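So the chains spell out like this:
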Amino acid sequence: MKINSWKELEDIIKSGRGFIYNDFGTVNNWNQEEFNKLHRASCNHLSRMTPRSAEWTYCFDTINEAEEWLEGNRKNDGYSYCKTCL
């Protein structure tokens, strides 16, 4: 699901439940495999996100749900898993 606001993203990160996909590379057309990253919602790297981050962030309840969406929507663009939490 697409995150709609900073408050929504902040609440998900605080809960630590689920998975967050940061689509930063696609939005900015940068190194997509490096900047498009899937994290656990509890990952400490997410603490560096800023309010603008909500513009390019998705949330999933399970890793299977995230991987299914990524394979269907970002396979050609490229993405990676956070090396710290996944």
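Residues numbered from 1 in each chain as written. Predicted model: local features only at pLDDT ≥ 70, side-chain atom pairs only at ≥ 80, totals over all residues. Heavy atoms only, no water.

S.K.: Before we move on, can you summarise the environment of Trp69 with the specific residues and values?
M.R.: By the secondary structure assignment, Trp69 is in helix α4 (residues 63-73). Judged by its relative accessible area of 21%, Trp69 is partly exposed. Along the primary structure Trp69 and Met1 are separated by 68 residues, whereas in three dimensions their C-alpha atoms are 9.4 Å apart. Excluding residues within four positions of it along the chain, Trp69 makes contact with Tyr21, Tyr58, Phe60 and Arg74. (Helix = DSSP H or I, 4+ residues; strand = E, 2+ residues; numbered from the N terminus. Buried < 20%, exposed > 50% of the residue type's maximum accessible area, 1.4 Å probe, protein only. Contact = heavy atoms within 4.5 Å.)

S.K.: Report on the sheet that holds strand β2 (residues 36-40), specifying residues and quantitative values.
M.R.: Taken in spatial order, the four strands line up as β3-β1-β2-β4 in an open sheet, and their pairing is mixed. The sheet is open, and its two borders are formed by β3 (57-60) and β4 (80-81), each paired with just one other strand. Of the pairings in the sheet, the one linking strand β1 (residues 19-23) to β3 comprises four bridges and is antiparallel in character. Looking at β3, one finds that Tyr21 is bridged to Tyr58. (Pairing = 2+ DSSP bridges.)

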